[in-house]
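Descriptive structure summary
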Amino acid sequence: MKGEGERRTLLKLKNPAKIWKKLRQQNHTDTAEDECDEVLQQQQEEKEEQLEEVSRGLIIREEQLFSQDNPSEEEEDQLQRDFEALRLKICMAIDNTFTSSTSSLEHLEVLRSAVASIQQQEEQDRRWVGCLEDRVPVWRPQKCLSTHNSLLQNMVQSRLRKGSEEEPSGTDGLSSPVKKEVCGMGKRVKEDLLTVVRTVKDCYPPQVDILNLYAGLYHQGFSVRLRELTDSGLDIEDCSYLLFWVNQYYPHEILNHKELEGKIKTACLGSLLLQDHLNHLEDQYLTHKEDQMKLWLNTALKKEVESWLSGSTPELIDQYLFSPLAIDVIQVIDSSLTEFSCVIGDQRKAERITAHLESFLCSYKKSLEDFVKGNHGNIRSVVKAHLVCEQQLRDYITAQTGSLTEQQRHHCLDALTDLRDCGYRCFTCPIHSQLKVGLTQLWTSVWLDGSLPVVDSLLDSLNQHLSDLVDLKPACRQSLLCVLHQDVVIQYVKRMMKTRMKSREKQVGGAKRMIEDAQKINDFFSEGGCSESLWLGEILCSLAEILRLQDPGSLQLEMVSMARKFSDLSDAHMSALLSLKTGLSAGDVRSIKRSVVENRLLGGSTNHSPPFFSKVKVKWISKFSQQC
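Residues numbered from 1 in each chain as written. Predicted model: local features only at pLDDT ≥ 70, side-chain atom pairs only at ≥ 80, totals over all residues. Heavy atoms only, no water.

1. Some thoughts on the overall build of the protein
Basically, it comes down to this: For the purposes of this entry, the term helix denotes a DSSP run of H or I that reaches at least four residues, the term strand denotes a run of E that reaches at least two, and both are numbered from the N terminus. Partly exposed residues are those whose accessible area sits between 20% and 50% of the maximum for their type, while under 20% is buried and over 50% is exposed, using a 1.4 Å probe and protein chains only.
Per the secondary structure count, the protein includes 25 helices and 2 strands. Counting all 628 residues of the protein, 47% fall into the buried class.

Here you go:
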């Protein structure tokens, strides 16, 4: 009978993990070849017999043999060889999980039987725990489950290595070896995990959780290789591609594939790269994108300014002047943010890219302001084209959600507002002086009796000026008209507040004329397509009503109503309006103003009217204001 030490040496030499590694080498040793041939011959002879039946039979023989006081050495050696043969067949079945040359159903049945055998052997190992060592078979414990897990790890590493070496289909567009390697490994992970969830997992009991076991092994192997690639130094193209796999494709398209979603414990896996490696790659990518963004935007603006200074006139598209600058900028920003969302995990870092949009808009605004100060014959046409750009950029920025911080959005919109106002001034400034001159005849006797059509003449003159805007995009033209509408009403109200009305008849007659003028002004701008500023007519009608009313109580109600509509109606404005009234005592004025203060916020209504009175500077305060 062989000594126990010799038997354990024999067992060590026939460790199935080592045999498995030998079987996978190109040049097998004679011993490995003999053992493999022996196993294959036994498999052929026992074709109809399942591995679990073989395993169960060996356990029965083991129980019978070691229940004897003096077990036969020859039977013990034969049983040991049979166990070794079983373990090798189990290893081969596991190794064929993804590469079996037999039919799929037959292979899956062999795998299922091998897994059942592992469970049987694990249970038998536990039965021998606590027995006297000299009564325990030398091949116990078998540790089949541990061997199985080691085999899986070796197999996964081997398949990842082969996947990285093979050129996967559809990778013709990949320009570097690193991209092809990452793609090859990633596709191997995806294909094998889908195979596991579709067929392999049914061969294992639920408690083994074979899908997550495989997912963990593939994740670890993939992660190790990606860290090696990161440490080797990557150019920007390879850096971007690797980040795409780490932050986008692997977590979303593989781990959360529709067949895998909710089945893989992704929280336990974590990221493919450690945070330090990830931060390094993301910083490399973002630094490159920032430099690229600055270059693109600065180049686009430089070419545009050169075009202005050369005297070129913007092109006409659909009958209005147009510049491609805004569309180019939006495409640059949009494509960068789209790529960013696929490459960077922390979306808050997008502000490193969008910060350059804010800088660009400030430069854009300053360039236009400097240009309109010069003596250039194409100023009006250039401004018309860039009012369109302003609107396009404003719409884009307003619609952005998540990419811009609130502070960035605010600063961008402020820069665009300044740019738009600069453009508007090119058209409104020449009209402002005409407004002041044309409205000086308000509150004169010829205006009151209707013999001098002050507003009609003013609107005819405006119409001539506005005929130059036919090549301005309609939406921008309407917006400009709304600004001009407000300017007209502001100048009208300023003129009214400077008037000294000594009689009630002048107040009543002026109120009637104001209502007529308000209707004419509203009609003029409404016909021009400006519907958003028609609320300005309500202001003139409310002011006319204040002039018409003589009863202090009714006047008080009208003042409260106006204060509720326009929150920027100040105490100084109220004093100026009430000073137009004759017959009001200082007590009446104090009572009216006190009532406005007490009641303007009552009723739960909130003011939705745009600011108006804050743009009407009050220079003259009546004696009532001074007394109050």
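That covers the picture; the talk isn't over yet.
2. Description of the packing of helix H18 (residues 454-466) against helix H19 (residues 474-497)
Note the threshold: Between N-to-C directions, angles span 0 to 180 degrees; the directions come from axes that are lines fitted to C-alpha atoms, helices contributing only their stretch in contact. Our angle categories are set so that under 35 degrees counts as roughly parallel, over 145 as roughly antiparallel, 65 to 115 as roughly perpendicular, and the remainder as oblique. Two helices cross in a left-handed way if the nearer one is turned anticlockwise from the farther one by less than a right angle. They cross in a right-handed way if the turn is clockwise. Throughout, a contact is declared for two residues whenever any of their heavy atoms are within 4.5 Å. Only Asp, Glu, Lys and Arg are considered charged in this grouping, and only Ala, Val, Leu, Ile, Met, Phe, Trp, Tyr, Cys and Pro are considered nonpolar; every other residue, Gly among them, is considered polar.
Packing of H18 against H19 brings their axes to within 13 Å, and their N-to-C directions diverge by 150°. Comparing their axes, H19 and H18 come out roughly antiparallel. Relative to H19, the crossing made by H18 is right-handed. Touching Val455, Leu458, Leu462 and Leu466 of H18 are Arg477, Leu481, Leu484, Val488 and Tyr492, all from H19. Tallied by class, residues from the contact of H18 with H19 come to 8 nonpolar, no polar and 1 charged.

3. A few points about the nonpolar core
For clarity, the cut-off: Nonpolar cores were defined as sets of buried Ala, Val, Leu, Ile, Met, Phe, Trp, Tyr and Cys residues, with membership established by side-chain atoms within 4.5 Å.
In this structure, Leu193, Tyr214, Leu361, Tyr364, Met496, Met514 and Phe612 are the most contacted members of the largest nonpolar core, which totals 172 residues. Per-element tally for this core: the top contributor is H19, with 12 residues. For Leu361, the contacting residues outside a window of four places in its chain are Leu393, Ile397, Cys412, Ala415 and Leu416.

4. Looking at the packing of helix H12 (residues 275-309) against helix H13 (residues 325-343)
Interaxial distance between H12 and H13 falls to 10 Å at its minimum, and their mutual angle equals 175°. Judged by the angle between their axes, H12 and H13 are roughly antiparallel. Side by side, H12 and H13 meet where Tyr285, Leu286, Lys289, Met293, Trp296, Leu297, Ala300, Leu301 and Glu304 of the first sit next to Leu325, Val329, Val332, Ile333, Ser336, Glu339, Phe340 and Val343 of the second. Of the residues assigned to the contact of H12 with H13, the class counts are 13 nonpolar, 1 polar and 3 charged.

5. Thoughts on the packing of aromatic side chains
Rules: Ring geometry is summarised as follows: Phe, Tyr and Trp rings, the Trp one being its six-membered ring, pair when their centres sit within 6.5 Å, and such pairs are stacked at plane angles under 30 degrees, edge-to-face over 60 and tilted between the two.
A full pass over the atoms with the stated rule returns 17 aromatic pairs. Judged by centre distance (5.9 Å) and plane angle (75°), the rings of Phe222 and Tyr250 are edge-to-face. Placement of Phe222 in helix H9 (residues 210-232) and of Tyr250 in helix H10 (residues 236-254) is noted, with a sequence separation of 28 residues between them. The burial state of Phe222 is the same as that of Tyr250; both residues are buried. Among the aromatic residues, those joined into a cluster by ring pairs are Phe222, Tyr241, Phe244, Trp245, Tyr249 and Tyr250.

6. Describing the state of the cysteines
Which entries qualify depends on this criterion: Here, a disulfide means two cysteine sulfur atoms that sit within 2.5 Å of each other.
Taken as a whole, this structure holds 1 disulfide when the rule is applied. Disulfide pairing places Cys482 opposite Cys530 at an S-S distance of 2.4 Å. Sign of the S-S torsion, about 135° for the bond between Cys482 and Cys530, identifies this disulfide as right-handed. On the criterion of sequence distance, the pair formed by Cys482 in helix H19 and Cys530 in the loop between helix H20 (504-527) and helix H21 (535-548) is long-range, its members being 48 residues apart. The exposure class of Cys482 is buried, given its relative accessible area of 17%.

7. Digging into the environment of Ser164
Mapped onto the secondary structure, Ser164 falls in helix H7 (residues 144-165). Apart from the residues lying within four places of it in its own chain, the contact partners of Ser164 are Glu181, Gly184 and Met185.

8. Notes on helix H22 (residues 552-565)
Test applied: An expected span of 1.5 Å times one less than the residue number is assigned to each helix.
With 14 residues, H22 extends 20 Å from end C-alpha to end C-alpha; this agrees with the ideal 20 Å at 1.5 Å per step. All of the buried residues along H22 are Leu555, Glu558, Met559, Val560, Met562 and Ala563. Against H21, helix H23 (571-578) and helix H24 (586-599) lie the buried residues of H22.

9. Quick word on the side chain of Ser542
Counting through the fold element by element, Ser542 comes out in helix H21. Since its relative accessible area comes to 9%, Ser542 is described here as buried. Residue contacts for Ser542: discarding those within four places in its chain leaves Glu558, Met562 and Lys565.

10. Here's the deal with the pattern of salt bridges
Note the following rule: Salt bridges are counted wherever a side-chain nitrogen of Lys or Arg sits within 4 Å of a carboxyl oxygen of Asp or Glu.
Applying the stated criterion across every chain yields a total of 34 salt bridges. One salt bridge in this structure joins Asp418 and Lys365, with 3.9 Å as the shortest N-O distance. Of this pair, Asp418 sits in helix H16 (residues 406-438) while Lys365 sits in helix H14 (residues 351-373), and the two are 53 residues apart along the sequence. Because the salt bridges share partners, they merge into one network encompassing Arg380, Lys384, Asp468 and Asp471.

11. With respect to the confidence of the model for the protein
Our working definition: The predictor attaches a confidence to each residue, and that confidence, scored 0 to 100, is pLDDT.
Averaged over every residue, the pLDDT of the protein is 86; the share at 70 or more is 88%. Contacts of residues 26-33 to residues separated by more than four positions or lying in other chains number 6 contacts, the stretch itself having pLDDT below 50.

12. Notes on unusual backbone geometry
Between Arg140 and Pro141 the backbone carries a cis peptide bond, its omega angle lying at 0°. Position of Pro141 among the secondary structure elements: in the loop between helix H6 (104-128) and H7. Backbone geometry at Asp318 places phi at a positive 55°, although glycine is not the residue there. Structurally, the position occupied by Asp318 is in the loop between strand S1 (315-317) and strand S2 (320-322). Classification of Asp318 as exposed rests on a relative accessible area of 64%. At Trp443, a position not held by glycine, the phi torsion is positive, near 70°. Relative to the helices and strands, Trp443 resides in the loop between H16 and helix H17 (445-448).

13. Structural notes on the side chain of Ser164
The condition that has to hold: N or O atoms closer than or at 3.5 Å make up a polar contact, with two conditions inside protein: a donor-capable atom paired with an acceptor-capable one, and, for residues adjacent in sequence, both atoms drawn from side chains.
Judged by its relative accessible area of 18%, Ser164 is buried. At a separation of 2.7 Å, a polar atom in the side chain of Ser164 contacts the main-chain carbonyl oxygen of Arg161.

14. Quick notes on the environment of Asp471
When you line up the elements, Asp471 lands in the loop between H18 and H19. Setting aside anything within four residues of it in sequence, one finds Asp471 in contact with Leu316, Gln319, Tyr320, Leu321 and Lys384. At a separation of 2.7 Å, a polar atom in the side chain of Asp471 contacts the side chain of Lys384.

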